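Below, each chain spelled out in residue letters.
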Amino acid sequence: MNIQDLRTLLDYHYWARDRMLKALDPLTPEQFTKEMGSSFTSIQDTLGHVYSAEWAWHQRWTGTSPTSQLPRETFPDVAWVRRLWQKTEADVRAFLESLTEAGIERSFEYRTLAGDPGSSLFWHMLQHVVNHGSYHRGQITTML
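Residues numbered from 1 in each chain as written. Predicted model: local features only at pLDDT ≥ 70, side-chain atom pairs only at ≥ 80, totals over all residues. Heavy atoms only, no water.

Draft legend 1. The arrangement of empty space enclosed by the protein in detail. Overall, the coordinates contain one cavity of 30 Å³ or more when judged by the stated rule. Counted as a void, the largest cavity has a volume near 50 Å³. If you trace the largest cavity, you find it lined by His13, Val50, Ala53, Glu54, Trp57, His128, Val129, His132 and Gly133. Looking at the lining of the largest cavity, the elements with two or more residues in it are helix 3 (43-61) and helix 5 (122-143). Classifying every residue of the lining of the largest cavity gives four nonpolar, four polar and one charged. (1 Å grid on protein atoms, 1.4 Å probe; cavity = no way out; pocket = protein on both sides within 12 Å on 5 of 7 lines; lining within 4 Å. Points joined across faces, edges and corners; volume = space filled by probe spheres on them. Helix = DSSP H or I, 4+ residues; strand = E, 2+ residues; numbered from the N terminus. Nonpolar A, V, L, I, M, F, W, Y, C, P; charged D, E, K, R; others polar.)

Quick look at the structure:
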């Protein structure tokens, strides 16, 4: 894995995110928050989980280990999530660009949301962010 490979993964991740958000734009507030019985109860909660996880990984890369996911109220509608995520996208892309080829092999120490210690290579974590997003986009597609 090299920096260009990670750029390509991020390009795919954000392209797929944008397609998903566009598909969610027509939802009514009732449809966005409707309990559907998936891993997370609603499209709102699933979307919030995917964003929160990406945000948490970026926080860990910059030295802070969050102790909880962001609350549901952080994600009132698709437009708000889009704005939040575009900011996080810029942060993630900038962080990747700040690394050297050797930097993507760096191991980051962090704590999980439960407070347990963890350690992972950067490129493994970034690949996980993309895979995690793909998994939950599939759940959202099913809910739609």
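Draft legend 2. Representation of the pattern of salt bridges in the model. Taken as a whole, this structure holds eight salt bridges when the rule is applied. Asp11 is paired through a salt bridge with Arg93; the nearest N and O atoms lie 2.9 Å apart. With Asp11 in helix 1 (residues 3-24) and Arg93 in helix 4 (residues 78-98), this residue pair connects regions lying 82 residues apart in the sequence. A relative accessible area of 40% means that Asp11 is categorised as partly exposed. Here Lys87 and Asp91 are joined by a salt bridge, their closest N and O atoms 2.9 Å apart. Highlighted residues: Lys87 and Asp91, both in helix 4, separated by four residues, approximately one helical turn. By sharing partners, the salt bridges in this structure join Asp11, Arg17, Asp18, Glu89 and Arg93 into a single network. (Salt bridge = Lys/Arg side-chain N within 4 Å of Asp/Glu carboxyl O. Buried < 20%, exposed > 50% of the residue type's maximum accessible area, 1.4 Å probe, protein only.)

Draft legend 3. Quick look at the environment of Leu27. You can see Leu27 is positioned in the loop between helix 1 and helix 2 (29-33). For the pair formed by Leu27 and Thr88, sequence separation is 61 residues and the distance between their alpha carbons is 23 Å. Among all residues touching Leu27, those that are not within four sequence positions of it are Phe32, Ile43 and Leu144. (Contact = heavy atoms within 4.5 Å.)

Draft legend 4. Structural view of the side chain of His13. Within the secondary structure, His13 sits in helix 1. Look at His13 and you get buried, because its relative accessible area is 0%. The contact partners of His13, leaving out residues within four places of it in the chain, are Glu54, Val129, Val130, Gly133 and Arg137.

Draft legend 5. Geometry of the packing of aromatic side chains. Within this structure, the stated rule accounts for nine aromatic pairs. Summarising the aromatic geometry, the rings of Trp57 and Tyr110 are spaced 5.2 Å apart at their centres and angled 75° between planes, so their arrangement reads as edge-to-face. Remark: Tyr110 occurs in strand 1 (residues 107-111) and Trp57 occurs in helix 3; sequence separation between them is 53 residues. Through successive ring pairs, a cluster of aromatic residues spans Trp61, Phe95, Phe108 and Phe122. Geometry around Trp57 places Arg60 over its ring, the cationic atom sitting 4.5 Å from the centre. The lysine or arginine in question, Arg106, covers the ring of Phe108, its NZ or CZ lying 3.9 Å from the ring centre. (Phe/Tyr/Trp six-rings, centres within 6.5 Å; stacked < 30°, edge-to-face > 60°. Lys NZ or Arg CZ within 6 Å of the ring centre and 35° of its normal.)

Draft legend 6. Inspection of the packing of helix 1 against helix 3 at higher detail. The interhelical angle for the contact between helix 1 and helix 3, taken along N-to-C directions, is 155°, at an axis separation of 13 Å. Classed by the angle they form, the pair helix 1 and helix 3 counts as roughly antiparallel. Regarding helix 1 and helix 3, the two cross each other, and that crossing is left-handed. Residues His13, Tyr14, Met20, Leu21 and Leu24 of helix 1 touch helix 3, and the partners they reach there are Ile43, Leu47 and Glu54. When the residues that make up the contact of helix 1 with helix 3 are grouped by side-chain class, the tally is six nonpolar, one polar and one charged. (Axes fitted to C-alpha atoms, helices over the stretch in contact; angles between N-to-C directions. Parallel < 35°, antiparallel > 145°, perpendicular 65-115°, else oblique. Left-handed = near helix turned anticlockwise from the far one by under 90°.)

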